[in-house]
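Report on the structure
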Amino acid sequence: MIRFIIAILFVVLFLILTIPIALLILIIGLFDPALKDRMSLGMVKWAFRVVLFIAGTNVTVIGEDNIPKDRAVLYVGNHRSYFDILVTCARFKRPTGFVAKKELGRVPLLSMWMRFIHCHFLDRKDMKQGLATILNCAKDIQSGISIFIFPEGTRNTGEEGSLLPFHEGSLKIAEKSHSAVLPVAISNSQAIFERQFPLLKKSHVILEYCAPIETEGLSREEKRGLAQRVQGIIQEKLTAHKNLL
């Protein structure tokens, strides 16, 4: 319980005490958007690393050299915990936003920092808004900002190593932006928090970046099977991770 209380206090203090910094970043963004992006990501990464430290989270990272250094990509990961976002964002080397549920866009201060790092808020029940989100994410990738999605659509509370069906529409972001898809496998993240809610527990998480899949030049048939292909790659890695935990 002590870890949970300290983590909550830190997050609340971070959101309140960084208001002046956020205002400064907003002003800087009017003149230098790239600097705004670097400052915003740096602040969020620092905060997430502190929370992971408080939670006692040890992360084993595999395949980080698979991430292209010269271009934006569409990260596609499995989703088992709120901490998936912290674990992955803490490793970002370039501006990267998440596709998040619309409810988070209504949280004061938190939503501000999410927008600073180019997160998009999705209403799963509104198909028109969903298409607009796909197009906006594609524009971000074309401008050099990577996007991270969880195509299961919600947190998977099933057995460790399992996956929910992927929503194929989310991978159209890569098709529209002509970018690579980079599968990401995350194991044991639910052990940090969800398994013993509301307690935080010292845990070992495995984060693996797989080889990117180029979407440029794929046939229509290959594009239709892309979600299933990515899901298969992630499933294979999750199964292998069981021997490492």
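That block above? That's the structure.
Structural notes, computed from the coordinates. (Residues numbered from 1 in each chain as written. Predicted model: local features only at pLDDT ≥ 70, side-chain atom pairs only at ≥ 80, totals over all residues. Heavy atoms only, no water.)

1. Remarks on the overall build of the chain
The cut-off we apply is this: Secondary structure elements follow DSSP: runs of H or I no shorter than four residues count as helices, runs of E no shorter than two count as strands, and numbering proceeds from the N terminus. Only protein chains enter the calculation, and the probe is 1.4 Å; a residue is then buried if its accessible area is under 20% of its type maximum, exposed if over 50%, and partly exposed in between. By definition, residues are in contact when any of their heavy atoms lie within 4.5 Å. When charges are counted, Lys and Arg are positive and Asp and Glu negative, with His and the chain ends excluded. Each charge is placed at NZ for Lys, CZ for Arg, CG for Asp and CD for Glu.
When helices and strands are tallied, the chain shows 9 helices and 8 strands. Reported as C-alpha extents along the three principal axes, the dimensions of the chain are approximately 50 × 50 × 35 Å. The 245 residues of the chain split such that 49% are buried. Contacts in the chain between residues at least 24 apart in sequence constitute 73% of all its contacts with a sequence separation of at least 6. For the chain, the separation between the mean place of its 31 positive charges and that of its 22 negative charges on side chains is 5 Å.

2. Let's talk about the environment of Val181
Among the structural elements, Val181 can be located in strand β6 (residues 180–187). Overall, the relative accessible area of 0% leaves Val181 in the buried class. In sequence terms Val181 and Ala211 are 30 residues apart; their C-alpha atoms lie 8.7 Å from each other. What Val181 contacts, discounting residues up to four positions off in sequence, is Leu74, Val76, Ala174, Ala211, Pro212, Ile213, Thr215, Leu226 and Val230.

3. Quick word on the pairing of strand β2 (residues 74–77)
To keep things clear, this is the line we draw: We treat two strands as partners when DSSP finds at least two bridges between them.
With burial as the criterion, each face of β2 is covered, one bearing Leu74 and Val76 and the other bearing Tyr75 and Gly77. Direction of pairing for β2 relative to β6: parallel, over a ladder of 4 bridges. The residue of β6 that forms the bridge with Leu74 is Val181.

4. A closer look at unusual backbone geometry
Negative phi is the rule for most residues except glycine; trans is the rule for most peptide bonds. Here the amide bond leading from Phe197 into Pro198 is cis, since omega sits at 5°, within 30 degrees of zero. If you trace the backbone, Pro198 turns up in the loop between β6 and β7 (203–209). Even without being a glycine, Asn188 presents a positive backbone phi close to 75°. Following the sequence through the fold, Asn188 ends up in the loop between β6 and β7.

5. Quick notes on the pattern of salt bridges
Side chains bearing opposite charge may pair, as long as their charged atoms lie close to each other. Selection criterion: A pairing counts as a salt bridge when a side-chain nitrogen of Lys or Arg comes within 4 Å of a carboxyl oxygen of Asp or Glu.
Scanning the model with the defined rule gives 10 salt bridges in all. In this structure, Arg80 and Glu160 form a salt bridge, with 3.6 Å as the shortest nitrogen-oxygen distance. Remark: Glu160 occurs in the loop between β5 (146–149) and α7 (172–177) and Arg80 occurs in the loop between β2 and α4 (83–89); sequence separation between them is 80 residues. Each member of the pair Arg80 and Glu160 is classed as buried. Residues Arg195 and Glu160 are paired through a salt bridge, measuring 3.7 Å at the closest nitrogen-oxygen approach. One end of the pair, Arg195, is in the loop between β6 and β7; the other, Glu160, is in the loop between β5 and α7, with 35 residues separating them in the sequence.

6. A few points about the nonpolar core
To be explicit about the condition: Among buried residues, the Ala, Val, Leu, Ile, Met, Phe, Trp, Tyr and Cys ones that are joined through side-chain atoms within 4.5 Å form a nonpolar core.
Counting 45 residues, the largest nonpolar core has Tyr75, Phe83, Trp113 and Val184 as the members making the most contacts within it. At the level of secondary structure, the elements contributing two or more residues to this core comprise α1 (2–17), α2 (19–31), α3 (33–55), α4, β3 (96–101), α5 (110–116), β6 and β7. Among the elements that make up this core, the one with the highest residue count is α3 (10 residues). The contact partners of Tyr75, leaving out residues within four places of it in the chain, are Ile67, Phe92, Thr96, Ser146, Ile147, Phe148, Ile149, Leu182, Val184 and Tyr209. Ile134, Cys137, Phe166 and Val181 belong to the second largest nonpolar core, which has 23 residues in total.

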